[in-house]
Amino acid sequence: MDNHESNLQQVSQFKAAILGFQHLLAMYSGDVIVPLLIGAFLHFNAAQMTYLVSADIFMCGIATLLQLKKTPLTGIGLPVVLGCAVQVITPLETIGGTLGVAYIYGAIICSGLFVFLISGLFAKLRKFFPPVVTGSLITIIGFSLVPVAVQNLGGGNASAKNFADPHDLIVGLITMAVIILINIFGKGFFRSISVLVGIVVGTVIAYALGMISFASVAQASWFHFPQPFYFGTPHFSWSAILTMILVSLTTMVESTGVFLALGDLTGRKLSEKDLANGYRAEGIAAMLGGVFNTFPYSTFSENVGVVQLSGIKTKRPIYYAGLFLLILGLLPKAGAVATVIPSSVLGGAMVVMFGMVGVQGIRILQNVDFNKNANLLIVALSVGTGIGVTVYPQIFRSLPQAAQIILDNGIVVGGFLAVLLSFLFSLTGQIELED
């Protein structure tokens, strides 16, 4: 970390707010896509969609604040932003399509309770995350998200006829170029907000090219407060609950990687208690999501790249991000403004951010002794398999649905393989697990 970044650690309230807004934009599109896709699948009307999106954004703010504030039982206390993970989309659509929307929220509440109850036990797996596993997992998280970023760069929908339209490529590449140029020539606070500046410049150019419509802003309501059980009283089904418990296990693995990445970035060694507190906060966030008829929430990988690029590793900007999420959730019209940012603009920024997350994993792997074949095999197999499954998740389509829910996630597959291999090699003394 250079001198200007060190000096920025104690940022003013105004600068912290700007940095918080940057975090908001980095995660916003990835989060709102979940209610939009699930709501469309369930044929929600305009009023229901407005509620779903607004309540989701509001609960993102609640979930983020739960993680920021450390208590004896909850909160990881790291600069994390929480949102709804995309791996919940297919399972929730299946539950809603076969059993009904009420069973979605019953399953979410139960899965959140499950996460809360097993947090202490799950945290004991910390010793199975030596640097070779941590570095591999974080590398997988970063680079497995790059294809998503490139897809967004091309317009978002790879099957669309206008995918990779020249206009999308232009604004996406300009966004990326602005971020890079600011990091080359910019100084101080201006360099710290390179992602925000890149997104703003890309959006302005997209507007000039006629790529932006404000119709969604005009149609959105001015105020909407989340209501408990808006879509009715939750119903419970063992199959739906088991499905969401399996999904919650995948998000816990992914969150572990993000926690460890941020711990490394901030120079903080995380204990079992720290991890347990982080998992419990996510469990509570999921239960609240079920009560307010939104979704389970987990730590967003996108924002690790923002922390690394900005060089600001304190929690103050994230508090502002959480506050902004609460405000946008209460004001659907204001929240709709952020949705007009083209996918290609966000994709350009995501390529940089996700790449930075992957490099963070490589940086951790620099401390690994690769003269040992065990370490070489752990990294080669876990990273290779994790990225391979990310690109071709259908490789497991012949397996039972319960297995597919877990194995369709390349991050989970790669992370599990890294942990398993490190454990097996530790049995023969070829590597040492952490105390």
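Residues numbered from 1 in each chain as written. Predicted model: local features only at pLDDT ≥ 70, side-chain atom pairs only at ≥ 80, totals over all residues. Heavy atoms only, no water.

1. Let's talk about the overall build of the protein
Across its full length, the protein holds 19 helices and two strands. A globule of 435 residues ought to have a C-alpha radius of gyration of about 22 Å, and the protein, at 21 Å, matches this closely. Looking at the protein as a whole, 56% of its 435 residues qualify as buried. Partitioning the contacts of the protein with sequence separation of at least 6, the portion at a separation of at least 24 is 83%. Counting only carbon and sulfur atoms, one obtains 67% of the accessible surface of the protein, whose full area is about 17900 Å². In the protein, 20 positive and 18 negative side-chain charges are present, and the distance between their average locations comes to 8 Å. (Helix = DSSP H or I, 4+ residues; strand = E, 2+ residues; numbered from the N terminus. Rg over C-alpha atoms; globule rule 2.2 N^0.38 Å. Buried < 20%, exposed > 50% of the residue type's maximum accessible area, 1.4 Å probe, protein only. Contact = heavy atoms within 4.5 Å. Areas by Shrake-Rupley, 256 points an atom, 1.4 Å probe, with all protein chains shown as cover. Lys, Arg positive; Asp, Glu negative; His and termini not counted. Charge placed at Lys NZ, Arg CZ, Asp CG, Glu CD.)

2. Things to note about empty space enclosed by the protein
Tallied over the full model, the rule gives two cavities of 30 Å³ or more. Taken as a whole, the largest cavity holds about 140 Å³ of empty space. The wall of the largest cavity is formed by 16 residues, among which Ser 248, Thr 251, Ala 286, Pro 296 and Tyr 297 lie closest to the centre. Secondary-structure elements contributing two or more residues to the lining of the largest cavity are α5 (101-123), α11 (238-266) and α12 (272-291). Broken down by element, the lining of the largest cavity gets its largest block of residues, five residues, from α11. Here the residues of the lining of the largest cavity sort into nine nonpolar, six polar and one charged. Its boundaries defined by the atoms lining it, the second largest cavity holds a volume of some 40 Å³. When residues of the lining of the second largest cavity are traced back to their parent elements, those giving at least two are α2 (13-41), α13 (302-310) and α14 (316-330). Its residues placed into classes, the lining of the second largest cavity shows seven nonpolar, four polar and no charged. (1 Å grid on protein atoms, 1.4 Å probe; cavity = no way out; pocket = protein on both sides within 12 Å on 5 of 7 lines; lining within 4 Å. Points joined across faces, edges and corners; volume = space filled by probe spheres on them. Nonpolar A, V, L, I, M, F, W, Y, C, P; charged D, E, K, R; others polar.)

3. Here's the deal with the environment of Leu 330
Assignment of secondary structure puts Leu 330 in helix α14. Considered as a pair, Leu 330 and Ala 55 are 275 residues apart in the sequence and their alpha carbons are 7.8 Å apart. Contacts of Leu 330, omitting those with residues within four sequence positions, involve Phe 58, Trp 222, Phe 223, His 224, Phe 225 and Pro 226.

4. Regarding α14
The end-to-end C-alpha separation of α14 is 22 Å, in line with the 21 Å expected for 15 residues at 1.5 Å each. Where α14 is concerned, the buried positions are Pro 317, Ile 318, Tyr 320, Ala 321, Gly 322, Leu 325, Leu 326, Leu 328 and Gly 329. (Expected span 1.5 Å × (residues − 1).)

5. Looking at the layout of surface pockets
There is about 350 Å³ of room inside the second largest pocket. Along the walls of the second largest pocket sit 15 residues, with Phe 122, Leu 125, Val 253, Phe 416 and Val 419 positioned nearest its centre. Within the residue set of the lining of the second largest pocket, elements represented by two or more residues are α11 and α19 (410-427). Broken down by element, the residue count for the lining of the second largest pocket peaks at six residues, all from α19.

6. So, the pattern of salt bridges
Inspection of the entire model under this criterion finds four salt bridges. A salt bridge links Glu 272 to Lys 124; its shortest N-O distance comes to 3.8 Å. Taken together, the positions of Glu 272 in helix α12 and Lys 124 in the loop between α5 and α6 (131-153) put the pair 148 residues apart, joining distant regions of the chain. Taking the relative accessible area as the measure of exposure, Glu 272 reaches 33% and is therefore partly exposed. Overall, Lys 124 belongs to the partly exposed group, its relative accessible area being 48%. With a shortest N-O distance of 3.2 Å, Asp 274 and Arg 268 are connected by a salt bridge. Taken together, the shared-partner salt bridges in this structure form one network comprising Lys 70, Arg 268 and Asp 274. (Salt bridge = Lys/Arg side-chain N within 4 Å of Asp/Glu carboxyl O.)

7. Remarks on the side chain of Gln 67
Examined against the element boundaries, Gln 67 turns out to sit in helix α3 (residues 46-68). Reaching out from Gln 67, the side chain makes a polar contact with the backbone nitrogen of Ile 76 at a distance of 3.0 Å. With residues near it in sequence (within four places) discarded, Gln 67 still touches Gly 75, Ile 76, Gly 77, Leu 78, Val 80, Leu 82, Phe 259, Asn 277, Gly 278, Ala 281, Glu 282 and Thr 299. (Polar contact = N/O pair within 3.5 Å; in protein donor to acceptor, adjacent residues only side chain to side chain.)

8. Concerning the confidence of the model for the protein
In this model, the protein carries a mean pLDDT of 84, and residues with pLDDT of at least 70 account for 94%. Long-range and interchain partners of residues 1-8, a stretch whose pLDDT sits below 50, account for 14 contacts in this model, where long-range means more than four residues apart. (pLDDT = per-residue confidence, 0-100.)

9. Points about a nonpolar patch on the surface
Together, Trp 222, Phe 223, Phe 225, Leu 323, Ile 327 and Leu 331 make up a nonpolar patch on the protein surface, roughly 630 Å² of accessible area in all. In this fold, Leu 331 is placed in the loop between α14 and α15 (332-339). Take Leu 331: its relative accessible area is 30%, and that puts it in the partly exposed class. (Patch = residues over 30% accessible without salt bridge, like charges linked within 9 Å, V, L, I, M, F, W, Y side chains within 5 Å.)

10. Overview of helix α16 (residues 343-365)
With 23 residues, α16 ought to run about 33 Å at 1.5 Å a step, and its terminal C-alpha atoms sit 32 Å apart, in line with that. Along α16, the sharpest change in direction is near 25° and occurs at Met 350. Burial within α16 is extensive, with 17 of its 23 residues counted as buried. (Bend = angle between axes of the 7 residues up to and from the residue.)

11. So, the packing of helix α17 (residues 373-391) against α19
It is at 7 Å that the axes of α17 and α19 come closest, and there the two elements cross at 160°. Classified by the angle their axes make, α17 and α19 are roughly antiparallel. In the packing of α17 onto α19, the handedness of the crossing is right-handed. Residues Ala 374, Leu 377, Ile 378, Leu 381, Ser 382, Thr 385, Gly 386, Val 389 and Thr 390 of α17 form the contact with α19, whose participating residues are Gly 410, Ile 411, Val 413, Gly 414, Leu 417, Ala 418, Leu 421, Ser 422 and Phe 425. Among the residues forming the contact of α17 with α19, the class breakdown is 11 nonpolar, seven polar and no charged. (Axes fitted to C-alpha atoms, helices over the stretch in contact; angles between N-to-C directions. Parallel < 35°, antiparallel > 145°, perpendicular 65-115°, else oblique. Left-handed = near helix turned anticlockwise from the far one by under 90°.)

12. Notes on the side chain of Ser 422
Inspection of the secondary structure puts Ser 422 in helix α19. Among the residues examined, Ser 422 registers a relative accessible area of 0% and is labelled buried. At 2.8 Å, the side chain of Ser 422 and the backbone oxygen of Val 419 are in polar contact. Apart from residues lying up to four places away in sequence, Ser 422 is in contact with Phe 128, Pro 130, Val 133, Ile 378, Ile 431 and Leu 433.

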